[in-house]
Amino acid sequence: MPSKKRYTDEYLKKVLLDKAKELGRTPSRREVKHGTAISQRFGNGSYDDALRFVGLKPNYSRFNKRKPKETLKSRLERLSCIEVYEMVLNGEIGRFPRHFWQEISDLELRELLKYFFEEKLKWSIDDIKNNLDSYVFMKYKLGGGLFNSLFEGSPFKVIDFTYPNKIKEWELKCTPLSYWTLEKCVEVTKEILEKEKWTEEDIKNHPIYEIFNKYGVTTIYIRFFKGNSYKLINSIYPNKFKPWELPRVPKNYWNTDTGIEAVRWMIEDELNWNNEEIKKQLCYNTFEKYRLAGMLNIVFDCSPFKAINATYPGIFNEEDFNNVPINYWTKEKAIASIKNILDDLSDEDIKRCVTVKFFIANGLRYPFQIYFGNKPFAVLDTIYPNRFDKKDFFTRD
């Protein structure tokens, strides 16, 4: 159990004040009874501080007219927070004064941080986005009380305090992976698209990873969507785009079912063609125009007919199309296809209509040229032997 004080505070104060009254001035330490006890009790060992405590002015020696040396604490109290920071940075003092960061005002703190970024680092907002990390604060002696304690080790909290609403957290290259969730990834992507003013056509024509590279968020695109652009776009704009409308179709997407879906979309939703229009106009270029050439190659062996026949089974014959592949034709197939057309015509119609242009218009130019030498009569005499007179078709074009 601690011992009781030998002298009470009131007693020691009375001794000191009575002596000052007796002398008509501040007594020296040697002149006052219990001087050491008074120094310890009221000045933590300093007689001058004890004098100030009881309201007396220290009495400097007549042999030394200089004022006592200013203490570091009192000097620091007169300096601005930026000046104190410079002393720490330059090594004049080992660390910031005790409770410095707790006692500094928000205005002073913001001023100090702006000084740090703008004057010491000479960074622009873009520089901050690209270069800021935890190490910067440690390197410039702002790590402990400021970065770790006041801002919980978060570079973004420092920046948002210094420049409110100037930078989004995801714009910092040092944003931790723990920040990201699927929802935030979708939200940020939508924000980037709006910021870049991308239209629906831009989304269709430009790979989305181009802007991810620009904003430094490619990692989250790979992490949450495995590089699947369609999955990401569909999360932002549900069912607004078809996978094949984007620059890249998801890996392993194409099969017979998805191929049929794409062909039906092209014919019915985009082209709105009837059966005759399909026969006359459908070709490889049609699929290419709607970004379905790759699908045609993968699923239907590059054959428009196979694609249409899978989509609308039994409605069309391969020779119905003006753009039948060259390797399709044999002489027998050519005869059958031409006969199928001519059987519906009278002899007079055949004499009047069957010309070189007739075969071209019906998508039969290749077999007409290869197997019949571009001669209408040769075709007719093969299909209908001795039915027509050659002179009726002479000089026909």
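Definitions and limits used
- Residue positions are given per chain, counted from 1 along the sequence in the order it is written.
- For this predicted model, a pLDDT threshold of at least 70 governs which residues receive local features, and a threshold of 80 or more governs which side-chain atom pairs are given and counted, while totals over whole chains, interfaces and linings are taken from all residues.
- To get the side-chain values, all heavy atoms of the structure are used, and hydrogens and water are removed first.
- Secondary structure elements are taken from DSSP: a helix is a run of H or I of four residues or more, a strand is a run of E of two residues or more, and numbering for both begins at the N terminus.
- Type-normalised accessible area, obtained with a 1.4 Å probe on protein chains alone, sets the label of each residue: buried when under 20%, exposed when over 50%, and partly exposed for intermediate values.
- Should any heavy atoms of two residues lie within 4.5 Å, those residues are considered in contact.
- Calculation of accessible area relied on Shrake-Rupley with a 1.4 Å probe; when residues are assessed, cover is drawn exclusively from the protein chains displayed.
- Each nonpolar core is a collection of buried residues, namely Ala, Val, Leu, Ile, Met, Phe, Trp, Tyr and Cys, held together in the definition by side-chain atoms within 4.5 Å.
- The rule is simple: put a 1 Å grid over the protein atoms alone, call a set of points where a 1.4 Å probe fits but cannot get out a cavity, call an open set with protein on both sides within 12 Å along at least five of seven lines a pocket, and count a residue as lining if it has an atom within 4 Å of a point.
- Grid points are joined across faces, edges and corners, and a volume is the space filled by probe spheres set on the points.
- What counts as an axis is a line fitted to C-alpha atoms, over the stretch in contact for a helix, and the angles between N-to-C directions run from 0 to 180 degrees.
- Every angle not falling under 35 degrees, over 145, or within 65 to 115 is termed oblique; those three ranges are roughly parallel, roughly antiparallel and roughly perpendicular.
- Crossings are classed by handedness, with left-handed meaning an anticlockwise turn of the near helix from the far one by less than a right angle and right-handed meaning a clockwise turn.
- Residues are grouped as follows: Ala, Val, Leu, Ile, Met, Phe, Trp, Tyr, Cys and Pro are nonpolar; Asp, Glu, Lys and Arg are charged; all remaining types, including Gly, are polar.
- Confidence scores labelled pLDDT are given residue by residue by the predictor and lie between 0 and 100.
- Any carboxyl oxygen of Asp or Glu that lies within 4 Å of a side-chain nitrogen of Lys or Arg is treated as forming a salt bridge with it.
- Directions are taken from the helix axis to each C-beta atom, and the arc is the one they span.
- When the centres of two rings from Phe, Tyr and Trp lie within 6.5 Å, Trp using its six-membered ring, the rings pair. Their planes under 30 degrees apart give stacked, over 60 give edge-to-face, and anything left gives tilted.
- A ring is considered to have a charge above it if a Lys NZ or an Arg CZ atom is located within 6 Å of its centre and within 35 degrees of its normal.
- Residues adjacent in sequence count toward polar contacts only when both atoms are side-chain atoms; beyond that, a polar contact is any pair of N or O atoms within 3.5 Å, and within protein one must be able to donate a hydrogen and the other to accept it.

**Q** How do you make sense of the overall build of the chain when you look at a structure like this?
**A** Across its full length, the chain carries 26 helices and zero strands. Out of the 397 residues in the chain, the part that is buried amounts to 39%. Restricting to contacts in the chain with at least 6 residues of sequence separation, those with at least 24 account for 49%. Looking at the chain as shown, the accessible area adds up to about 24,500 Å², and 47% of this sits on carbon and sulfur atoms.

**Q** In this structure, what is going on with the nonpolar core? I would like to understand it.
**A** Side chains of nonpolar character tend, in soluble globular proteins, to be buried together. Residues W101, F117, I128, F137 and L146 are the most contacted members of the largest nonpolar core, which totals 34 residues. Of all elements in the fold, only α5 (81-90), α6 (100-103), α7 (106-120), α9 (134-139), α10 (143-150) and α11 (155-162) reach the threshold of two or more residues within this core. Residue contacts for W101: discarding those within four places in its chain leaves F96, L109, L112, L142, G145, L146 and L150.

**Q** Explain empty space enclosed by the protein to me, please; I cannot follow it from the model alone.
**A** The method is simple in principle: a probe with the dimensions of a water molecule rolls over the atoms, and the space it marks as empty is what remains. Applying the stated criterion across every chain yields a total of two cavities of 30 Å³ or more. One number sums up the size of the largest cavity: a volume of about 70 Å³. Residue lining of the largest cavity: W198, I203, H206, P207, I208, Y209, S229, I233, L246, P247 and R248, and that is the complete set.

**Q** Please clarify how the packing of α5 against α7 should be interpreted in this entry.
**A** Working note: a packed helix pair is described by the angle between its axes plus the distance between those axes. Close contact between α5 and α7 brings their axes to 9 Å; oriented N to C, the two are set at 50°. As judged from the angle between their axes, α5 and α7 are oblique. Relative to α7, the crossing made by α5 is right-handed. Here C81, I82, Y85, E86 and L89 of α5 lie close against α7, whose contacting residues are E108, E111, L112, Y115, F116 and K120. Split by residue class, the contact of α5 with α7 holds seven nonpolar, no polar and four charged.

**Q** Looking at this model, I keep getting lost on the confidence of the model for the chain. Mind explaining?
**A** Low-pLDDT portions of the prediction should not be read for the details of their coordinates. Taken over all residues, the pLDDT of the chain has a mean of 83, while the share at 70 or more is 90%. Looking at the elements of the chain, mean pLDDT is at its lowest for helix α4 (residues 72-78), recorded as 64, and at its highest for helix α17 (residues 256-271), recorded as 94.

**Q** Help me understand unusual backbone geometry in this model?
**A** With the exception of glycine, most residues fall at negative phi, and the peptide bonds are largely trans. Positive phi outside glycine occurs at K141, with the angle close to 60°. Its location among the elements puts K141 in the loop between α9 and α10. Classification of K141 as partly exposed rests on a relative accessible area of 40%. Non-glycine residue K197 carries a positive phi angle of around 60°. With respect to the helices and strands, K197 occurs in the loop between α12 (182-195) and α13 (200-205).

**Q** Help me understand the pattern of salt bridges, please; the structure alone is not making it clear to me.
**A** Side chains bearing opposite charge may pair, as long as their charged atoms lie close to each other. One pass over the structure, following the stated rule, counts 21 salt bridges. Between R25 and E31 there is a salt bridge, with the nearest N and O atoms lying 2.8 Å from each other. Judged by relative accessible area, which is 32%, E31 ranks as partly exposed. Among the salt bridges present, the one from K204 reaches E201, with a minimum N-O distance of 3.8 Å. Highlighted residues: K204 and E201, both in helix α13, separated by three residues, approximately one helical turn. In this structure, a network of salt bridges that share partners links the residues D126, K129, E171 and K195.

**Q** Sorry, what's going on with helix α26 (residues 376-383) here?
**A** Owing to its 3.6 residues per turn, the α-helix aligns residues three or four sequence positions apart on the same side. Those residues of α26 that fall on the buried side of the exposure criterion are P376, F377, V379, L380 and I383. Taken down its axis, α26 places every buried residue within 155° of arc, on the same side.

**Q** Help me understand the environment of P97, please; the structure alone is not making it clear to me.
**A** Residue placement: P97 occurs in the loop between α5 and α6. Classification of P97 by relative accessible area gives partly exposed; the value is 26%.

**Q** Quick question: what am I supposed to make of the packing of aromatic side chains here?
**A** Under the defined criterion, the tally for this structure stands at 20 aromatic pairs. Taken together, a centroid distance of 5.6 Å and an interplanar angle of 65° make the contact between F116 and Y140 edge-to-face. In this pair, F116 sits in helix α7 while Y140 sits in the loop between α9 and α10, placing the two residues 24 residues apart along the sequence. Among the residues examined, F116 registers a relative accessible area of 0% and is labelled buried. Ring geometry for W265 against Y290: centres 6.0 Å apart, planes inclined by 85°, an arrangement best described as edge-to-face. Here the residue W265 occupies a position in helix α17, and Y290 occupies one in the loop between α19 (284-289) and α20 (293-300), the gap between them amounting to 25 residues. Both residues of the pair, W265 and Y290, belong to the buried class. The ring centre of F161 lies 4.2 Å from the NZ or CZ of R110, which sits over that ring.

**Q** Can you walk me through the side chain of T175 in this structure?
**A** Of note, T175 is situated in the loop between α11 and α12. Of the polar contacts made by the side chain of T175, one reaches the backbone oxygen of E169; its length is 2.4 Å. Separated by 2.8 Å, the side chain of T175 and the backbone oxygen of L172 make a polar contact. Discounting residues that sit within four places of it in the chain, T175 has contacts with E169, W170 and W180.

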